[in-house]
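Structure assessment
Residue-level listing of the chains:
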There are 2 protein chains.
Amino acid sequence: MKKKNNKKNSIQDIAEALQLSPATISRVLNNHPHVHESTRSKVMTMVEQVGYKRNIMASGLRTNKTNTIGLIVPRISMFVHTEIITAIQNGLHTQGYNLIICQSNDSLEIEKDLAHTLYASRVDAVIVACTLFTSDFSHFDILTQNDIPVLFYDRVPVKPYPACIIKGDDSRGAYLATSHLIELGSRRIAYISGPMSCNIYIDRYAGFQQAMRQHGISIQQELVFYHELTVDNARKTLHKLFAREPYPDAVLCANDLTALTVLSFAKEKGMSVPQDLRIVGYSNDPRSSIVTPSITTVEQFPGRIGNVIVSEVLKLLKNGYDMAALDTTPIVTPVELIRRMST
Amino acid sequence: MKKKNNKKNSIQDIAEALQLSPATISRVLNNHPHVHESTRSKVMTMVEQVGYKRNIMASGLRTNKTNTIGLIVPRISMFVHTEIITAIQNGLHTQGYNLIICQSNDSLEIEKDLAHTLYASRVDAVIVACTLFTSDFSHFDILTQNDIPVLFYDRVPVKPYPACIIKGDDSRGAYLATSHLIELGSRRIAYISGPMSCNIYIDRYAGFQQAMRQHGISIQQELVFYHELTVDNARKTLHKLFAREPYPDAVLCANDLTALTVLSFAKEKGMSVPQDLRIVGYSNDPRSSIVTPSITTVEQFPGRIGNVIVSEVLKLLKNGYDMAALDTTPIVTPVELIRRMST
DNA sequence: TATATTTACGAAAACGTTTCAGTAAATAAA
DNA sequence: TTTATTTACTGAAACGTTTTCGTAAATATA
């Protein structure tokens, strides 16, 4: 009835079986020099035979390396993040790293908790896309202060923080989208932004602003809205926006979910898109291409972002992390406007 | 230039600072009885003060528990899996468990590799949705044989395997969908299935079959297709299907991506849905509800599946895993037909 | 008072790996 | 030949916890 099975599978067992010391087995397994070819092959065959797998807890305890990387993300279900995570996970796997994925659900409390948990797990590095509301980053100090490199992407610290930073070119994305609308003839452009506590919405607003200014159009603050980009919030905003004329002739949305909501609202109200109302989203969520009319949006190339993250993480891990020498100037990844039927 | 910072934060450091033994500190941290209230509080304040976090590698080495659970999934980007994973991750987090998420990309080779990696990480349990092509499950033996419980969901072993099994009621889902089509008057029903190496497609076909038989309609094999459910494959199949009349009057698809592809194909060909062609999908992917016409599909309640998985995993971990006493009869979760405009 | 029981703690071993320091044997250099 | 160098290995300590066993003190029981 007892479940313990009798084959143990430690380095020591192999050492005993071969009349060698554990040290030698370890050297073979780690490809150290100064071990004779004949012993090496003897060890390797025995390792194969008993199906030995290194105990990561033991080796991690000794070396302070876990070959595991932590990831904190608001929600894995958000399209861009799903894609980025996939790229990260595949990239790291080929390099022998595991990924512990955690969701903050956009809660600052959970994010703090996760930072501590990942420290307790002694991961080798932590990759973070922070919550919408993270403005104080001191809960990551426990990582940086203990030489665990931190890498922010997408949603990143606005103030200087000793970490690697990778972000999309959000201001350019919004600039392209806005210019596109203006060139098509839109003048009363509404803008639905996320909360300005988050860099991506700060930057997108800046891009919007820049394009408007460049074309000599003044921004009317009653056409600009700031809130979490949920369906409910978007609908409330739309009711305000279309409470009385003059209606806007275009809505620029800081994400695609909002753009989709605007589209279905417009259909309900009998407005035709793009004739009565042009709509632009952000992120190129797959849904934006299959609705009728399809929605113009900004591609962020999440797969490429993931690859950049992987290479930066590996660089940090290879070089030995030196906080003092860390380059904290953001790496900016490109965006592209995708024109579709909604404009 | 050296980066090592001088504050160490081990149990031993706290013990020294308080003139106690490490054993006592450990007992406090683990809420063991027989430690005096005054010492307990002294220890706790010191723990707070220095920001002590348990080193999981050390405690894991000693106890053989990592508080980490492994997850192997074909792709985290598949809607149902995204939702299930989210539920699992949130549920386990509240119980103090971490989740290592791995993607097999539907490759059997990678899946084998991941099973071994997770064993090396000595996770406490492994949750698996296997690849479309996993028919031999022996690569999971290393886990079960070393008392690491394995739990399959959605895509599960067809043959008996010593693991907990949680699956959707796929045959009923397909039965409901097919019956629905028949009741609406469809008689020439095409069925696009995934590869029959995977239980979900076996079961869905069985449900399709049952409904057809029950209504006295014989299945015409030239209307049934088996292949991986990609857009490209679906389009090839559609070209065959509509190469010559008589056309089918309905297409039942084993997933929503295929249903979406059928819809856009129908639009291209000038067929109107549902008048000329009825379409049903499977999984209630969010895209199925926003296209025009919206697509009838089968809801699997991924959130609920995730919760079931969490409670089963916790049960296995709490009770102490006893392979002999393991109940391997599948837990079947309910489905529901969602009627929409495509039928 | 003497004895048994409970409480609060410490000493030390153990988990499985890596690595430093050491050594014997083999080879090269003097 | 002797001495230096290289090669191939071993012994033992260390990583930070947990846990068993032991013990002294405090309390209860006879």
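Details of the structure are given in the entry above.
The model shown is predicted, which means the values in this text are computed figures rather than measured ones.

Here the focus is the sheet that holds strand 8 (residues 250–253) of chain B. Residue and element names in this part refer to chain B. The 4 strands are arranged 7-6-8-9 in an open sheet whose pairing can be described as parallel. Strands at the two margins of the open sheet, each flanked by one partner only, are strand 7 (224–226) and strand 9 (278–280). Shown here is a sheet whose adjacent strand axes are inclined to one another by a mean of 10°, direction ignored.

Let us look at the protein's contact with DNA strand D. Residues in contact with DNA strand D amount to 27 residues; listed here are only the nearest, Thr24(A), Arg27(A), His36(A), Ile11(B) and Arg62(B). Within 4 Å of the protein, the contacting atoms of DNA strand D are drawn from sugar and phosphate to the extent of 63%. In the model, a phosphate oxygen of DNA strand D is placed 2.7 Å from a nitrogen or oxygen of the Ile11(B) main chain. Sorting the residues of the surface near DNA strand D by element identifies helix 2 (22–29) and helix 4 (56–63) of chain A together with helix 1 (11–18), helix 2 (22–29) and helix 4 (56–63) of chain B as the ones contributing at least two each. Per element, the largest residue contribution to the surface near DNA strand D is 4 residues, and it comes from helix 4 of chain B. For the surface near DNA strand D, the per-class residue count stands at 8 nonpolar, 14 polar and 5 charged.

Moving on, we come to the nonpolar core. Side chains of nonpolar character tend, in soluble globular proteins, to be buried together. Core analysis: the largest hydrophobic core is formed by 56 residues, its most contacted members being Ile309(A) and Ile309(B). When sequence neighbours within four positions are dropped, the list of residues in contact with Ile309(A) reads Ile84(A), Ile88(A), Ile127(A), Leu151(A), Tyr153(A) and Ile166(A).

Here the focus is unusual backbone geometry. Residue and element names in this part refer to chain A. Between Val 273 and the following residue, Pro 274, the backbone shows a cis peptide bond with an omega angle of 10°. Looking at the element boundaries, Pro 274 is found in the loop between helix 11 (256–268) and strand 9 (278–280). Residue Pro 293 is reached from Thr 292 by a cis peptide bond, and omega for that bond is -10°. For Pro 293, the position within the fold is in the loop between helix 12 (286–290) and strand 10 (297–299).

Right, let's talk about the relation of the copies chain B and chain A for a bit. Mapping chain B onto chain A leaves a residual RMSD of 0.1 Å; the transformation is a rotation of 180° accompanied by 0.1 Å of translation along its axis. Given the turn and translation reported, the copies of this chain are related as if by a two-fold rotation axis. A share of 100% of the interface residues of chain B reappears at the interface of chain A, consistent with the copies meeting face to face through the same patch.

A separate point is the protein's contact with DNA strand C. Near DNA strand C you find 27 residues, and of these Ile11(A), Tyr52(A), Arg62(A), Thr24(B) and His36(B) are the closest. A distance of 3.2 Å separates a phosphate oxygen of DNA strand C from a polar atom in the side chain of Arg54(A). Secondary structure elements with two or more residues in the surface near DNA strand C: helix 1 (11–18), helix 2 and helix 4 of chain A together with helix 2 and helix 4 of chain B. In terms of residues, the surface near DNA strand C owes the most to one element, helix 4 of chain A, which gives 4 residues. Here the residues of the surface near DNA strand C are counted per class, giving 8 nonpolar, 14 polar and 5 charged.

About the thresholds
- Residues numbered from 1 in each chain as written.
- Chains lettered and ligands numbered in written order.
- Predicted model: local features only at pLDDT ≥ 70, side-chain atom pairs only at ≥ 80, totals over all residues.
- Heavy atoms only, no water.
- Pairing = 2+ DSSP bridges.
- Helix = DSSP H or I, 4+ residues; strand = E, 2+ residues; numbered from the N terminus.
- Axes fitted to C-alpha atoms, helices over the stretch in contact; angles between N-to-C directions.
- Near = heavy atom within 4 Å.
- Polar contact = N/O pair within 3.5 Å; in protein donor to acceptor, adjacent residues only side chain to side chain.
- Nonpolar A, V, L, I, M, F, W, Y, C, P; charged D, E, K, R; others polar.
- Core = buried A, V, L, I, M, F, W, Y, C linked by side-chain atoms within 4.5 Å.
- Buried < 20%, exposed > 50% of the residue type's maximum accessible area, 1.4 Å probe, protein only.
- Contact = heavy atoms within 4.5 Å.
- Least-squares fit on C-alpha atoms with pLDDT ≥ 70 in both.

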